[in-house]
Amino acid sequence: MQGLQAMLVAEGARMISKGLIVVLLANMFLSPDEYGLLFLSLSILGTGLLFSYLGFAKSAARYITEYKTTDPDQIPHIVTTSLRYNLLSIGVVSLTVVLGSEIIANIVREPSVQPFLVVGALYIATMTLSKFASVVFQGFNRVRWSACIGALSNVSLLAFTVLFLLFGLGAIGALAGYVVGYGLAAVVGLGVIYTRFLPRYASTTPPDPELSGKILRYSIPLTITRGGHTLDKNVDTILVGFFLSPAAVAYYVLAKQIADFVTVPATSLGFAVSPAYGEQKASDSLHNAGTLYEHAFIHTMLLYCPAGIGLILIARPTITYVFGADYLGAVPVVQVFGVYILLRSIDKITNDGLDFVGRARERAIAKTGASVGNVALNVALIPVIGVVGAAISTVVTYMALIAVELYIIDQEFPIDRWLLVRSIGAIAVVTAGMSVVVAAGLPFVSGLITLLLLIGAAICVWALLAVGVGLLDTEVVSIAIKSVIE
């Protein structure tokens, strides 16, 4: 519970900082073309991150979890070995991006991205190391430290991005803010690991001769899975930029950022509970693991079914009054992503858990297949129906991926399917009731204040209906709110 609270706080900080950055960039500092150029560059750099991550951090986390109980003297060797691998991959990828920046810019037919890629080599290094620290903390089941690192990176990212923008550095300055924010988090995270965690396991025991090989082998399916995630997250944006324009990239990225913003609670929940699945399986408590997943699934559906429908209904006034009329081209994309946020939320509470129960290989195959399909659909649809085609491709392939993930979870844990079916029926009633309120109130929305009032009214109706059908316990909710506040 404390880990979930900490992740909610950290993700809340991320949500606020990223939300403020999006609004500030769109409304005050950058035009749609400049905004699209920045995030096209970040998408290209995100592809480079795949090869700098290479699954080493998650492989380390997996073996930290295993060796804590069987051979704790190996923990320092696990962390140091995986970090050395990561430093090597960072060096190779960063150098490749710098030396190949002109070639990459020509490939995507956007020469203006070249200076972003040069600065982006530092982004790759700092982002990879901050992620390494966060995931290693997860392996120690110290999610609160992961949360602290996440909060630090996002708050400092916001502060330095705004500072550099105020100095007139433009989109390059915004990228430099990302570099400094993640760099600060990496320094603090690695410092804590090496000064507070590893000394507890200090010993003269030599490393297991098979350890480095284990880390490398387990990183392979994790890298494949990460490759699928990278294709989902970045290649669609790159293809939009290739086939269309920086402005179209801005519309697509803005819609996707709104979806990411909405799925913050599911991200926190998935990160916090994933190690518990592995621990329950290791102790042969499969029933407990199944019950944990059932609760996570039901409450995720309860939150994101209404949220998805609500986003579809209020997409136009949200874009108009939050980001401005220049971004109205994002409205149909946001509406398609109303379905995507439900799928993404289920993925967030499921995918990490598969790694911790030893099903990384199956998950990698599913993720890769979905990602390749997503690229193929993007290539087919973007030239025909524009930026909306990229959103449709993402939704279709996510549906297939979620089906496979749920099948694997059902194999691993005893899941009460009838309970889930009954709960989904009740959730449909709650969603329908809330949607009626939103649809009835839309004609009265005339600005940001009335939009916020409508959203507040919808949340109140959602809460009352959820309690009424028995999906929310008021006592449990009050205890959770009190514990998070404290």
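Each value, and the rule that gives it
Residues numbered from 1 in each chain as written. Predicted model: local features only at pLDDT ≥ 70, side-chain atom pairs only at ≥ 80, totals over all residues. Heavy atoms only, no water. Helix = DSSP H or I, 4+ residues; strand = E, 2+ residues; numbered from the N terminus. Buried < 20%, exposed > 50% of the residue type's maximum accessible area, 1.4 Å probe, protein only. Areas by Shrake-Rupley, 256 points an atom, 1.4 Å probe, with all protein chains shown as cover. Salt bridge = Lys/Arg side-chain N within 4 Å of Asp/Glu carboxyl O. Axes fitted to C-alpha atoms, helices over the stretch in contact; angles between N-to-C directions. Parallel < 35°, antiparallel > 145°, perpendicular 65-115°, else oblique. Left-handed = near helix turned anticlockwise from the far one by under 90°. Contact = heavy atoms within 4.5 Å. Patch = residues over 30% accessible without salt bridge, like charges linked within 9 Å, V, L, I, M, F, W, Y side chains within 5 Å. Lys, Arg positive; Asp, Glu negative; His and termini not counted. Charge placed at Lys NZ, Arg CZ, Asp CG, Glu CD. Core = buried A, V, L, I, M, F, W, Y, C linked by side-chain atoms within 4.5 Å. pLDDT = per-residue confidence, 0-100. Phe/Tyr/Trp six-rings, centres within 6.5 Å; stacked < 30°, edge-to-face > 60°. Lys NZ or Arg CZ within 6 Å of the ring centre and 35° of its normal.

## Some details on the overall build of the protein
Here is step 1 of the chain: Each helix and strand in the protein was counted, giving 18 helices and zero strands.
Here is step 2 of the chain: In the protein, which comprises 486 residues, the proportion classed as buried is 54%.
Here is step 3 of the chain: A total of about 20100 Å² of accessible surface is found on the protein, and carbon and sulfur atoms cover 70% of it.

## Comments concerning the pattern of salt bridges
It is possible for side chains bearing opposite charge to pair when their charged atoms get close.
Here is step 1 of the chain: For the coordinates displayed, the defined rule picks out one salt bridge.
Here is step 2 of the chain: When the shortest N-O distance is used, the salt bridge between Asp236 and Lys256 registers 2.8 Å. Pair noted here: Asp236 is in helix α9 (residues 211–243) and Lys256 is in helix α10 (residues 246–262), with a separation of 20 residues, a long-range link. As far as the burial class goes, Asp236 and Lys256 line up, both buried.

## Regarding the packing of helix α2 (residues 32–53) against helix α6 (residues 114–139)
Here is step 1 of the chain: Two elements in contact, α2 and α6, have axes separated by 9 Å at closest approach and are oriented at 50°. Taken together, α2 and α6 sit at an angle that is classed as oblique. In the packing of α2 onto α6, the handedness of the crossing is right-handed. Where α2 approaches α6, its residues Leu37, Leu38, Ser41, Leu42, Ile44, Leu45, Gly48, Leu49, Ser52 and Tyr53 are matched on the opposing element by Phe116, Leu117, Gly120, Tyr123, Ile124, Met127, Thr128 and Lys131.

## What about a positive patch on the surface?
Here is step 1 of the chain: A cluster of basic side chains, namely Arg142, Arg144, Arg196 and Arg200, defines a positive patch on the protein surface.
Here is step 2 of the chain: Position of Arg196 relative to the elements: it lies in helix α8 (residues 170–197).
Here is step 3 of the chain: Judged by relative accessible area, Arg196 falls into the partly exposed class, the value being 45%.

## Overview of the nonpolar core
Here is step 1 of the chain: Counting residues in each nonpolar core, the largest one holds 98 residues, and the members touching the most others are Leu25, Tyr35, Leu38, Tyr123, Ile319 and Tyr327.
Here is step 2 of the chain: No other element matches the 13 residues that helix α12 (residues 286–323) contributes to this core.
Here is step 3 of the chain: Once you skip the residues sitting within four places of it in the chain, Ile319 turns out to touch Leu254, Ile258, Gly324, Tyr327, Leu328, Ala330, Val331 and Val334.
Here is step 4 of the chain: Ile75, Ala133, Phe137 and Tyr201 belong to the second-largest nonpolar core, a separate cluster that totals 33 residues.

## A look at the confidence of the model for the protein
Here is step 1 of the chain: For the protein, per-residue confidence averages 81 on the pLDDT scale, and residues scoring 70 or more make up 85% of the total.
Here is step 2 of the chain: Of the regions scoring below 50 in pLDDT, residues 479–486 engages in four contacts with residues more than four places distant in sequence or in other chains.

## Regarding the packing of aromatic side chains
Here is step 1 of the chain: Summed over all chains, the structure comprises 13 aromatic pairs.
Here is step 2 of the chain: A ring pair is formed by Phe137 and Trp145, whose centres lie 5.8 Å apart and whose planes are at 25°; its orientation type is stacked.
Here is step 3 of the chain: Their ring planes at 45° and their centres at 4.8 Å tell us that Phe337 and Tyr340 sit as a pair that is tilted. Remark: Tyr340 and Phe337 occur in helix α13 (residues 331–356); sequence separation between them is three residues, near one turn of the helix. Here Phe337 and Tyr340 have matching classes, each one buried.
Here is step 4 of the chain: Members of the aromatic cluster, each reached through a chain of ring pairs, are Tyr252, Phe337, Tyr340 and Tyr398.
Here is step 5 of the chain: In this structure, Arg109 packs its charged tip against the face of Phe242, placed 4.1 Å from the ring centre.

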